[in-house]
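Each chain is listed here by its residues.
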Amino acid sequence: GWLKYGGSNLTREKIIQNAAMYEMNYPNFCSGIVAAMPNGTVVHGRNMDYLLFVEVKGKMMGWPDLTVDVTFLRDGQPLMTS
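Rules used in this analysis
Throughout this description, residue numbers start from 1 for each chain and increase along the sequence as written. In keeping with the model being predicted, local features are shown solely for residues with a pLDDT of at least 70 and side-chain atom pairs are shown and tallied solely at 80 or more, while totals for entire chains, interfaces and linings include all residues. Side-chain metrics in this entry use all non-hydrogen atoms of the structure; hydrogen atoms and water are not considered. A run of H or I in DSSP counts as a helix once it spans at least four residues, and a run of E counts as a strand once it spans at least two, with each numbered from the N terminus. Burial classes: relative accessible area under 20% of the type maximum marks a residue as buried, over 50% as exposed, and values in between as partly exposed (1.4 Å probe, protein chains only). Any two residues whose heavy atoms approach within 4.5 Å are treated as being in contact. The criterion for strand pairing is that DSSP finds at least two bridges linking the strands in question.

Enquirer: So what exactly am I meant to see when it comes to the overall build of the protein here?
Expert: From N to C terminus, the protein includes 3 helices and 6 strands. Counted from the first residue to the last, the protein has its helices and strands arranged as α-α-β-β-β-β-α-β-β. Considering the protein as a whole, with its 82 residues, one finds that 13% of them fall into the buried category. In the protein, of all internal contacts separated by at least 6 residues, the share reaching a separation of at least 24 is 20%.

Enquirer: I tried to follow the pairing of strand S6 (residues 77–81) on my own but got confused; where do I start?
Expert: Counted residue by residue, S6 has 0 buried out of 5 residues, so it is predominantly exposed. Bridge count for strand S5 (residues 71–74) against S6 is 4 bridges, and the pairing is antiparallel. Of the residues in S6, the one forming a bridge with Leu73 is Pro78. From the end of S5 to the start of S6, which pair antiparallel, there are 2 residues, and Asp75 there has a positive phi angle of about 55°.

Enquirer: Explain the environment of Lys57 to me, please; I cannot follow it from the model alone.
Expert: Positionally, Lys57 belongs in the loop between strand S3 (54–56) and strand S4 (59–61). Using a relative accessible area of 63% as the deciding quantity, one classes Lys57 as exposed. Taking C-alpha positions, Lys57 is 9.7 Å from Leu10, a pair spaced 47 residues apart along the chain.

Enquirer: Is there a simple way to explain the environment of His44 in this structure?
Expert: Position of His44 relative to the elements: it lies in strand S2 (residues 42–46). Exposure remark for His44: the relative accessible area of 54% places this residue in the exposed category. Each C-alpha atom, one on His44 and one on Ser82, is 9.2 Å from the other, the two residues being 38 residues apart in sequence. Residues in contact with His44, not counting those within four places in the same chain, are Ile33 and Val34.

Written out as structure tokens, the structure reads:
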């Protein structure tokens, strides 16, 4: 979606670089965790407590504009939220 709808200034390389910088705790040492629950369920959490502004089709956007909560369904019933 990012590559298709992000505008001409967004490239695959920029997305990969941004993801790598995030994982290297840049710029504000944000936290992330991956853990397994006793039943084998894997959970992942990450905060996004730093400012992000990116231009998308001429409009400056931040985290609130670029993030969504998604509930995945199986057979019409909630399976997980991401």
